[in-house]
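The chain contents come next:
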Amino acid sequence: MTQRIDIAKLAPEAYRGFLAVEAYMHGSDLPAATIELVKLRASQINGCGYCVHMHSGDMKKAGESDERLWSVAAWREATVFTPAERAALALTEEATRLADRGEAVPDEVWQQAAEHYDDKQLAALVVAIAMINAWNRIGVTARLVPGT
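Residues numbered from 1 in each chain as written. Predicted model: local features only at pLDDT ≥ 70, side-chain atom pairs only at ≥ 80, totals over all residues. Heavy atoms only, no water.

Colleague: Hey, could you go over the environment of Met-25 for me, with residue numbers and the actual values?
Modeller: Topologically, Met-25 is positioned in helix H2 (residues 12-27). In this structure, the C-alpha to C-alpha distance between Met-25 and Ala-124, residues 99 residues apart in sequence, is 5.9 Å. (Helix = DSSP H or I, 4+ residues; strand = E, 2+ residues; numbered from the N terminus.)

Colleague: Residues and numbers for the state of the cysteines, please.
Modeller: Enumeration according to the criterion identifies zero disulfides in this entry. Cys-51 supplies the cysteine sulfur nearest to Cys-48, a cysteine that is in no disulfide, at a spacing of 3.4 Å. The class for Cys-51 is buried, based on a relative accessible area of 4%. (Disulfide = S-S within 2.5 Å. Buried < 20%, exposed > 50% of the residue type's maximum accessible area, 1.4 Å probe, protein only.)

Colleague: Please provide a residue-by-residue account of the packing of helix H6 (residues 83-96) against helix H7 (residues 107-116), values included.
Modeller: Look at H6 against H7: their axes get within 9 Å of each other, and the N-to-C directions meet at 145°. As H6 runs across H7, the sense of the crossing is left-handed. Across the interface between the two elements, Pro-83, Ala-84, Ala-87, Ala-90, Leu-91 and Glu-94 from H6 touch Val-109, Trp-110, Gln-112, Ala-113 and His-116 from H7. Taken together, the residues that form the contact of H6 with H7 break down as eight nonpolar, two polar and one charged. (Axes fitted to C-alpha atoms, helices over the stretch in contact; angles between N-to-C directions. Left-handed = near helix turned anticlockwise from the far one by under 90°. Contact = heavy atoms within 4.5 Å. Nonpolar A, V, L, I, M, F, W, Y, C, P; charged D, E, K, R; others polar.)

Colleague: Residues and numbers for the packing of aromatic side chains, please.
Modeller: Applying the stated rule across the entire model yields two aromatic pairs. On the numbers, 5.6 Å between centres and 80° between planes, the contact of Tyr-15 with Trp-135 is edge-to-face. Here Trp-135 lies in helix H8 (residues 119-142) and Tyr-15 lies in helix H2, a separation of 120 residues in the sequence. Measuring from ring centre to ring centre gives 4.9 Å for Phe-18 and Trp-135, while their planes differ by 80°; the resulting arrangement is edge-to-face. Residue Phe-18 is located in helix H2, and its partner Trp-135 is located in helix H8; the two are separated by 117 residues in the primary sequence. (Phe/Tyr/Trp six-rings, centres within 6.5 Å; stacked < 30°, edge-to-face > 60°.)

Colleague: Break down the pattern of salt bridges for me, with residues and values.
Modeller: One pass over the full model with this rule turns up seven salt bridges. Between Glu-36 and Lys-39 there is a salt bridge whose closest N-O contact spans 4.0 Å. You can see Glu-36 and its partner Lys-39 sitting in helix H3 (residues 32-46), three residues apart, about one turn around the helix. A residue is classified by how much of its surface remains accessible, and Glu-36, at 13% relative accessible area, is buried. A relative accessible area of 3% places Lys-39 in the buried class. Across the pair Glu-85 and Arg-68 runs a salt bridge whose closest N-O atoms are separated by 2.8 Å. With Glu-85 in helix H6 and Arg-68 in helix H5 (residues 66-71), this residue pair connects regions lying 17 residues apart in the sequence. Both residues of the pair, Glu-85 and Arg-68, belong to the buried class. (Salt bridge = Lys/Arg side-chain N within 4 Å of Asp/Glu carboxyl O.)

Colleague: Pulling in residues and values, what's your account of the layout of surface pockets?
Modeller: Of the volumes computed, that of the largest pocket is approximately 350 Å³. Contributing to the lining of the largest pocket are 19 residues, with Tyr-15, Tyr-50, Met-54, Trp-135 and Leu-144 lying nearest its centre. Of all the secondary structure elements, the ones that give two or more residues to the lining of the largest pocket are helix H1 (7-10), H2, helix H4 (49-61) and H8. Of the residues in the lining of the largest pocket, the class split is twelve nonpolar, four polar and three charged. (1 Å grid on protein atoms, 1.4 Å probe; cavity = no way out; pocket = protein on both sides within 12 Å on 5 of 7 lines; lining within 4 Å. Points joined across faces, edges and corners; volume = space filled by probe spheres on them.)

Colleague: Can you lay out the side chain of Arg-68 for me, pointing to particular residues and giving the numbers?
Modeller: Taking relative accessible area as the criterion, Arg-68 reaches 13% and is therefore assigned buried. At 2.7 Å, the side chain of Arg-68 and the backbone oxygen of Val-80 are in polar contact. Excluding anything up to four places from it in sequence, Arg-68 contacts Leu-37, Val-80, Phe-81 and Glu-85. (Polar contact = N/O pair within 3.5 Å; in protein donor to acceptor, adjacent residues only side chain to side chain.)

Interpretation note: all reported values are geometric properties and have no functional meaning in isolation.
In structure tokens, the structure reads:
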């Protein structure tokens, strides 16, 4: 696979804007592990090998266990995630698969997340989900090569 285009080089203003949103997320009260779980799960759903590789590697460097990394794709059956993380992963799936569902982001999924996160954390969570989906679309379309 060969990369098609370098967005960071050709659209630096847009790229810097994306990085500013990333800085906001990582400065929020949303746990860093939750942000990374969201990024990994959305990237798996969207088939972005570049982002799956990057975020699983980042999580491993941050001390995440192999069991938790391997279990993200099957998080519903896994026993290694907290109720709050499970709620974030459920919201991530619903918001990532908008066209795949009859009711996009059902109230019960939102309520479950709201039981674990306050409004500011929920805002950061929604932004994190939106941003990784945007990054995935760039990665898949530009054919970013995993590990580069």
